[in-house]
Every structure is written in structure tokens, then in C-alpha cells.
Amino acid sequence: MTATLESTAAPEAKAGEIPSFEVTLRIRRYSPESAHGEEPYWDEFTVLAHGTDRVLDALHKIKWEHDGSLTFRRSCAHGVCGSDAMRINGRNRLACKTLLKDVNPDKPITVEPIKGLPVVKDLVVDMEPFFASYREIMPFLITSGNEPSKERLQSAEQRERFDDTTKCILCAACTSSCPVFWTDGQYFGPAAIVNAHRFIFDSRDEGATQRLEILNDKEGVWRCRTTFNCTEACPRGIEVTKAIQEVKRAMITRAF
């Protein structure tokens, strides 16, 4: 099915207006209720866009102006919530941070759901396996003793030790870009390890040993093959592979 949402020729921009251009999105669709049944299929839409438009803007145009059945997640639209992670031209990206003009708009832009997680409908995947791994590494501060009478102080140097991994927004872009995760649904995945790193190296936390024991499992950090896909996919620029290696090193250091 091919649909054109605007006129086939982009109107000439008036003085002071941002010039527009046509862009085609080729979207991988799936719905067990459709005529295609259980089989996914491709759908193309051509929309009129501007240089400042993002892939999310184009998806909104398609849903609001033509096909209301198109299904995808989005919330803040500013790269903070992480809900609109998807594969755009074969790479995991946030639709709200990806400008159309930056992904070769002269050719159809392919949009697919992220890999390794069950597809619910169109671009929406079941995130429960991802969050199950996240919960397992205990992503919260673990302390002992009574509630403190003042805040737990930390130096700038101590904070710097794990600052990078506090930036995770749980978008699953890193985990669903990992070839080990694609083929082994039991692997914790990069995001869970990144969030464990955030607490393992926190000077205020007392649960590092417990987390390291959890990640020492056969489906833990040792399943990482250091392909750097996760680092390249992270929309927040976290050095994911480096964090995983630091957790491995901490495991060996504590063992001896």
C-alpha cells in the first residue's frame, strides 16, 4: 500500500519560509488483526517535510493525516523518555532525535521495530523481558543501618566515577542492537549491566558484591562479545562497552 499525504510537488518556499521537500517512509508493519495475518509487511508513505522535521514528525503526519492505525510509542519527544527507539535505516535511533534530512531523504527511509523483543503491533515491542533484566540487577541504592540524619555526602571525584552510566534512559537501543541478545533471550543485555555499573561504583552503595554475583551468571557480563554495537547505538553517548569491561574487571579484582 502506498499513500501520498500531500501534493506530489513541494510548493516553492516564500521569502522567510523554510523550504520543504518530499520524503518517503517505508515502514515495517505488523498486526495479527490485519489482512496479512501473522506475517509482517511493508507499507510506504510519502510526506512533505521541512529541514527541521524529525522522523517522529513524519510518523505523526502519517498517523494523524492518513493512517490512524499506525502504532508506535512516543512521549516527551525530546530524547529524554526513550520510548520511541526504533530501527531507522538499519540503525537503532530515537525517532525524536533523528532529523529526516540526516538520513538520506532522497531514498525511502526504512523504519522498523527494534530487534530481539516480541513485536506487539507495528513499531511497538514488548519491553517486559528488557525490564525484567533491569529489575534483576537491583537498580536502587542499597545501604545498611538506620536512616541517616543528613544526606550521604559524595565528592566530585566519587561522582565522576559512575557519572556516565547515570545518563541511561532505558530506551533499549543498546540492548536491542546486540547480536548476542538477538540470539540469546536470556542474556542480561548492555542496559542492565550499565545500570548495575551505576550502583556498583557508587561510593554510597553497599550492594556491589550482590550485583557482581548476579552478573557473574553464564548469561551475565561474560556473554558480551565486545562488538561496540551498543556504544554506537546509545542516543545519550554512554560508553556502554567500556562500562561492561569495568564491571568485568571489578569482578576479577574482587575475586582475587
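Residues numbered from 1 in each chain as written. Predicted model: local features only at pLDDT ≥ 70, side-chain atom pairs only at ≥ 80, totals over all residues. Heavy atoms only, no water.

Remarks on the environment of aspartate 163
- Along the chain, aspartate 163 turns up in the loop between helix H3 (156–160) and helix H4 (179–183).
- Taking the C-alpha atoms as reference points, aspartate 163 and arginine 198, 35 residues apart in sequence, are found 7.5 Å from one another. (Helix = DSSP H or I, 4+ residues; strand = E, 2+ residues; numbered from the N terminus.)

Notes on the nonpolar core
- If you look at the biggest cluster of nonpolar residues, it comprises 63 residues, and the most contacted ones within it are Leu25, Ile27, Leu59, Leu215 and Val247.
- Apart from residues no more than four positions distant in its own chain, leucine 59 is found in contact with Leu25, Ile27, Leu70, Phe72, Met86, Ala95 and Leu123. (Core = buried A, V, L, I, M, F, W, Y, C linked by side-chain atoms within 4.5 Å. Buried < 20%, exposed > 50% of the residue type's maximum accessible area, 1.4 Å probe, protein only. Contact = heavy atoms within 4.5 Å.)

Notes on the packing of aromatic side chains
- Enumeration over the complete set of coordinates arrives at 2 aromatic pairs.
- Look at phenylalanine 130 and phenylalanine 131: their rings are 5.2 Å apart centre to centre, the planes differ by 75°, and that puts the pair in the edge-to-face class.
- On the accessibility criterion, phenylalanine 130 (5% relative accessible area) is buried.
- Ring pairs connect the aromatic residues Phe130, Phe131 and Tyr134, which therefore count as one cluster. (Phe/Tyr/Trp six-rings, centres within 6.5 Å; stacked < 30°, edge-to-face > 60°.)

Here we look at the confidence of the model for the protein chain
- Of all residues in the protein chain, 91% attain a pLDDT of 70 or more, and the chain-wide mean is 91.
- Across residues 1–9, where pLDDT falls below 50, the model places 22 contacts with residues more than four positions away in sequence or in other chains. (pLDDT = per-residue confidence, 0-100.)

Notes on helix H1 (residues 55–65)
- Of all the positions in H1, only Val55, Leu56, Ala58, Leu59, His60, Lys61 and Ile62 are classed as buried.
- Looking at the buried positions of H1, the neighbouring elements they touch are strand S2 (20–29), strand S3 (41–50), strand S4 (85–88) and strand S6 (109–112).

Description of empty space enclosed by the protein
- Summed over all chains, the structure comprises 2 cavities of 30 Å³ or more.
- Lining of the largest cavity is provided by 15 residues; of these, Cys168, Cys171, Cys174, Cys234 and Ile238 occupy positions nearest its centre.
- Here the lining of the largest cavity is composed, by residue class, of 14 nonpolar, no polar and 1 charged.
- Within this model, the second largest cavity holds a volume of roughly 80 Å³.
- Residue lining of the second largest cavity: 14 residues in total, with Cys178, Cys224, Thr226, Thr227 and Cys230 positioned closest to the centre.
- Of the residues contributing to the lining of the second largest cavity, the split by class is 9 nonpolar, 4 polar and 1 charged. (1 Å grid on protein atoms, 1.4 Å probe; cavity = no way out; pocket = protein on both sides within 12 Å on 5 of 7 lines; lining within 4 Å. Points joined across faces, edges and corners; volume = space filled by probe spheres on them. Nonpolar A, V, L, I, M, F, W, Y, C, P; charged D, E, K, R; others polar.)

Some details on unusual backbone geometry
- In the Ramachandran plot, asparagine 89 falls in the positive-phi region, its phi being about 50° despite a non-glycine side chain.
- Judged by relative accessible area, which is 33%, asparagine 89 ranks as partly exposed.
- Look at aspartate 122: it is not a glycine, yet its phi comes out positive at around 50°.
- With respect to the helices and strands, aspartate 122 occurs in the loop between strand S7 (119–121) and strand S8 (124–125).

Things to note about the pattern of salt bridges
- This model, assessed by the stated rule, comprises 15 salt bridges.
- For arginine 161, the salt bridge is made with glutamate 246, and the minimal N-O distance between the two is 3.2 Å. Note that arginine 161 is positioned in the loop between H3 and H4 and glutamate 246 in helix H8 (residues 240–255), a separation of 85 residues in sequence.
- One salt bridge in this structure joins aspartate 184 and arginine 223, with 2.9 Å as the shortest N-O distance. In this pair, aspartate 184 sits in the loop between H4 and helix H5 (190–200) while arginine 223 sits in the loop between helix H6 (208–215) and helix H7 (229–233), placing the two residues 39 residues apart along the sequence.
- Looking at aspartate 184, the relative accessible area reads 12%, which means it is buried. (Salt bridge = Lys/Arg side-chain N within 4 Å of Asp/Glu carboxyl O.)

Looking at the environment of arginine 161
- Judged by its relative accessible area of 37%, arginine 161 is partly exposed.
- Taking the C-alpha atoms as reference, arginine 161 lies 32 Å from arginine 87; in sequence the two are 74 residues apart.
- When near neighbours in sequence (up to four residues on either side) are disregarded, arginine 161 contacts His197, Phe201 and Glu246.
- Of note is the side chain of arginine 161, whose polar atom sits 3.2 Å from the side chain of glutamate 246. (Polar contact = N/O pair within 3.5 Å; in protein donor to acceptor, adjacent residues only side chain to side chain.)

A closer look at the pairing of S3
- By the criterion of burial, S3 is predominantly enclosed, with 7 of the 10 residues buried.
- As judged from the 10 bridges shared by S2 and S3, these two strands associate in the antiparallel manner. Its bridge partner being in S3, threonine 24 is matched across the sheet by threonine 46. (Pairing = 2+ DSSP bridges.)

Let's talk about the environment of arginine 135
- By the element assignment, arginine 135 lies in helix H2 (residues 128–136).
- You can call arginine 135 partly exposed: its relative accessible area is 46%.
- Counting along the chain gives 61 residues from arginine 135 to alanine 196, while the straight-line C-alpha distance between them is 9.9 Å.

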